[in-house]
Amino acid sequence: MFPESGHNSANYFLSSTFSFLESMDGIINPDFPAILYATLVHCLQYDMNNFALHIFNSAIHAIDSAFRGNPARTLHTVFGDLTFNRTLYNDKHDKHHLFCYVDHVLGIPKYIQYDPCIRSLIFTYALKFNSMEKVGLVIGDLIQGFSFGLNNRKLKAISKQTVSNILHFCPSFSISPVRCENTPDHLYIISDEKYKSLQHEHSDNDKARKAMIKMAVIFEGVERAGNRNKLINPYTVTGFGNTFWQDVLDILHARYDMDKVKLITTMGDSVPWIYASASELKTDKTNTRFLLDAFHAKQAINRISTKMENRELLSYYLIHDEIKEFKYLVNLISLNKKEDRKQRINKQWNYIRTRWKDAVAIFQSSVGCPMESHIEHNLATLISSVPKAYGRGWLEKLVGFIALDKNGYDMQEMYLKAATIKQADDIVNFDKQLDLSMFDKKPDTYDKGNSGKTIQNLLRSISNNY
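Residues numbered from 1 in each chain as written. Predicted model: local features only at pLDDT ≥ 70, side-chain atom pairs only at ≥ 80, totals over all residues. Heavy atoms only, no water.

Visitor: Got a minute to help me understand the overall build of the protein in this structure?
Guide: Counting secondary structure elements, the protein contains 20 helices and 13 strands. Out of the 466 residues belonging to the protein, those deemed buried represent 36%. Taking the contacts inside the protein whose residues are at least 6 apart along the sequence as the reference set, 64% of them involve residues at least 24 apart. (Helix = DSSP H or I, 4+ residues; strand = E, 2+ residues; numbered from the N terminus. Buried < 20%, exposed > 50% of the residue type's maximum accessible area, 1.4 Å probe, protein only. Contact = heavy atoms within 4.5 Å.)

Visitor: Any chance you could explain the packing of aromatic side chains here in plain terms?
Guide: Applying the stated criterion across every chain yields a total of 15 aromatic pairs. With a centroid separation of 5.3 Å and 90 degrees between ring planes, the pair formed by phenylalanine 173 and phenylalanine 430 is classed as edge-to-face. With a gap of 257 residues between them, phenylalanine 173 in strand β5 (residues 172–174) and phenylalanine 430 in the loop between β13 (427–429) and α20 (448–465) connect regions that are remote in the sequence. Site record: aromatic cluster; members linked through ring pairs are Phe123, Phe173, Phe401, Tyr415 and Phe430. (Phe/Tyr/Trp six-rings, centres within 6.5 Å; stacked < 30°, edge-to-face > 60°.)

Visitor: Would you mind showing me how to read the nonpolar core here?
Guide: In terms of nonpolar packing, the biggest core is built from 74 residues, with Phe173 and Leu252 touching the most fellow members. If near-sequence neighbours (up to four positions away) are discounted, phenylalanine 173 is found in contact with Phe123, Phe401, Leu404, Met411, Met414, Tyr415, Ala418, Val428 and Phe430. Ranked by size, the runner-up nonpolar core spans 19 residues in total, among them Phe326, Ile345, Tyr351 and Trp356. (Core = buried A, V, L, I, M, F, W, Y, C linked by side-chain atoms within 4.5 Å.)

Visitor: Could you clarify how one ought to interpret a nonpolar patch on the surface in this entry?
Guide: On the surface, a nonpolar cluster with roughly 260 Å² of combined accessible area is contributed by Ile35, Phe146 and Phe148. Within the secondary structure layout, phenylalanine 146 lies in the loop between α6 (132–144) and α7 (150–156). (Patch = residues over 30% accessible without salt bridge, like charges linked within 9 Å, V, L, I, M, F, W, Y side chains within 5 Å. Areas by Shrake-Rupley, 256 points an atom, 1.4 Å probe, with all protein chains shown as cover. Salt bridge = Lys/Arg side-chain N within 4 Å of Asp/Glu carboxyl O.)

Visitor: How should the layout of surface pockets be read in this particular structure?
Guide: Empty space within the largest pocket amounts to approximately 670 Å³. Along the walls of the largest pocket sit 26 residues, with Phe173, Thr238, Gly400, Ala403 and Leu404 positioned nearest its centre. Elements supplying a minimum of two residues to the lining of the largest pocket: β5, β10 (235–239), α9 (244–255) and α18 (392–406). Here the element with the most residues in the lining of the largest pocket is α18; it accounts for six residues. Residue classes in the lining of the largest pocket are distributed as twelve nonpolar, ten polar and four charged. (1 Å grid on protein atoms, 1.4 Å probe; cavity = no way out; pocket = protein on both sides within 12 Å on 5 of 7 lines; lining within 4 Å. Points joined across faces, edges and corners; volume = space filled by probe spheres on them. Nonpolar A, V, L, I, M, F, W, Y, C, P; charged D, E, K, R; others polar.)

Visitor: Can you walk me through the sheet that holds strand β11 (residues 263–268) in this structure?
Guide: The strands that make up a sheet pair up through hydrogen bonds in the backbone, lying either parallel or antiparallel. Pairing is mixed across the open sheet formed by five strands, whose spatial order is β10-β7-β6-β11-β12. The open sheet is flanked by β10 and β12 (287–292), the only strands paired with a single partner. Put simply, the sheet's adjacent strands are angled 25 degrees from each other on average, direction ignored. In terms of strand pairing, strand β6 (residues 186–197) meets β11 through five bridges, oriented parallel. Residue pairing for β11: tyrosine 188 is matched across the bridge by threonine 265. (Pairing = 2+ DSSP bridges. Axes fitted to C-alpha atoms, helices over the stretch in contact; angles between N-to-C directions.)

Visitor: It is not clear to me how helix α14 (residues 323–334) should be interpreted in this structure. Could you clarify?
Guide: Three or four residues apart is the spacing at which side chains of an α-helix point the same way, because the helix has 3.6 residues per turn. When the terminal C-alpha atoms of α14 are compared, their 17 Å separation across twelve residues agrees well with the 16 Å that a helix rising 1.5 Å per residue should span. Taken residue by residue, α14 has Phe326, Leu329, Val330, Ile333 and Ser334 as its buried positions. Along the axis of α14, the buried residues cluster in a sector spanning 140 degrees; they form a single face. What points out from α14, more than 90 degrees from its buried face, is the exposed set Lys324 and Tyr328. (Expected span 1.5 Å × (residues − 1). Arc of directions from axis to C-beta.)

Visitor: Help me understand the pairing of β11 in this model?
Guide: Looking along a regular strand, one sees the side chains alternate between the two faces of the sheet. The element β11 is extensively covered by neighbouring structure, given that five of its six residues are classed as buried. Bridging between β11 and β12 involves six bridges; their strand directions are parallel. What sits directly across from isoleucine 264, in β12, is threonine 288.

Visitor: How should I be thinking about the pairing of strand β2 (residues 80–85) in this particular structure?
Guide: Of the strand pairs in this sheet, strand β1 (residues 72–77) and β2 are connected by six bridges, and their pairing is antiparallel. Pairing of threonine 77 across the sheet is with glycine 80, part of β2. Taking the residues between adjacent antiparallel strands as the criterion, β1 and β2 are bridged by two residues.

Visitor: Before we go on, may I ask you to explain the packing of α14 against helix α15 (residues 339–354) in this structure?
Guide: When two helices pack together, their arrangement is given by the angle between their axes and by how far apart the axes lie. As a packed pair, α14 and α15 sit with axes 10 Å apart at the nearest point and diverge in direction by 170 degrees. Classed by the angle they form, the pair α14 and α15 counts as roughly antiparallel. Only Lys342, Ile345, Trp349 and Ile352 of α15 make contact with α14, whose side of the interface consists of Ile323, Phe326, Lys327, Val330, Ile333 and Ser334. Here the contact of α14 with α15 is built from residues that sort into seven nonpolar, one polar and two charged. (Parallel < 35°, antiparallel > 145°, perpendicular 65-115°, else oblique.)

Visitor: Is there a simple way to explain the pattern of salt bridges in this structure?
Guide: Between side chains of opposite charge, pairing is possible as soon as their charged atoms come close. Going through the model one piece at a time under the given rule, you end up with seven salt bridges. In this structure, aspartate 405 and lysine 128 form a salt bridge, with 3.3 Å as the shortest nitrogen-oxygen distance. With a gap of 277 residues between them, aspartate 405 in helix α18 and lysine 128 in the loop between α5 (116–126) and α6 connect regions that are remote in the sequence. Note that aspartate 259 is salt-bridged to lysine 285, the shortest N-O span being 3.5 Å. Taken as a pair, aspartate 259 in the loop between α9 and β11 and lysine 285 in the loop between α11 (277–281) and β12 lie far apart in primary sequence, 26 residues in all.

Visitor: Please explain the environment of leucine 121 as it appears in this structure.
Guide: Structurally, leucine 121 is set in helix α5. With a relative accessible area of 15%, leucine 121 lands in the buried category. Not counting residues within four places of it along the chain, the set of residues in contact with leucine 121 comprises Ile139, Leu142, Ile143 and Gln412.

What follows is the structure in structure tokens.
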């Protein structure tokens, strides 16, 4: 039961803090005032957590009292460790099967130590940090609040294995894109890929042991935000298969009225699958064009020559569409070079020559291609900064979570809801299910006698009218 309410109740629970204040009565410590303050906050944090745990415990007992209760269970909560009693019921069909109503009502799965709130925080933060150890430290500090002393901070950290288990045992999420209110007549798509090592893949070919993660960002233009440019209404798409551009097209139709889109500009580094975007996305009503990423065009120029004056002059020729002057300078740079160096220069020249018009157009476009920075910040730092391999299934699931997070979905809320939505093949579908009951087989109520009489009456009425 609760102690009496009001000021006396606060005194009851804040025993540690009041003991500290009483011990400090008349004592002045001018040398370390910050330590005194920190100790006071530490005592107050401890007492407030105990106060919250008492309230939490009483609330769960109130819910459980409707079902009757007994066995104890301990949960790590945002207020600290909570131990409470609840009832286990025997299944009338199977006496060896036990069921707990209060766990079911509150959505607390069996055998877990951390409550759903902490698990949802771990899941959400793991999609923003590149280290599970970091996640455990941050969530430990977040849920326990301020504590004074090195040992206290170490004890709060959540283990890497716990973070990993929460991520791995979460099902995949399936949700349709949100329809945009307005459809522009011009859309932009930037794309790139990242390779990630796979577990249990044995091959002499390096690429065969890696998964190619494809990423594209659909947006409506660029606007100025302070000193930086910002994409307008961006939407991230990830994939692994050969149907990637078909998936992008499906998302375009889900988000926009494609009859109103007159042009789609795709941009990237011109590898075959990216270059194919223009032809894959073109329709009878929507034209497409491909522009070479300026980053890769300048990268090729930098590989042709190490001298700054040559790089600047080559860039000038490219920007101003002067291919003859560009080629002449490349030939001058190649003179008196060793054969292997000449081959490397010629390779970069061929790269630019075959994509010349696409490269010139990117410098004349009002919108550039920020895909390198986008894929680096939103994907590579999360999965490539740590030198480890992934299982293919887990990698695909993780990349899907990252894409949903970047698209602005509330991953914490989705995680909590996923615990109660029925799964199909380890996938939780958040879309509203269609009512297909109209296609259910109806019982046969056909009466031949009544049907025959109805037809006879209809024919009789027709003959009477004529």
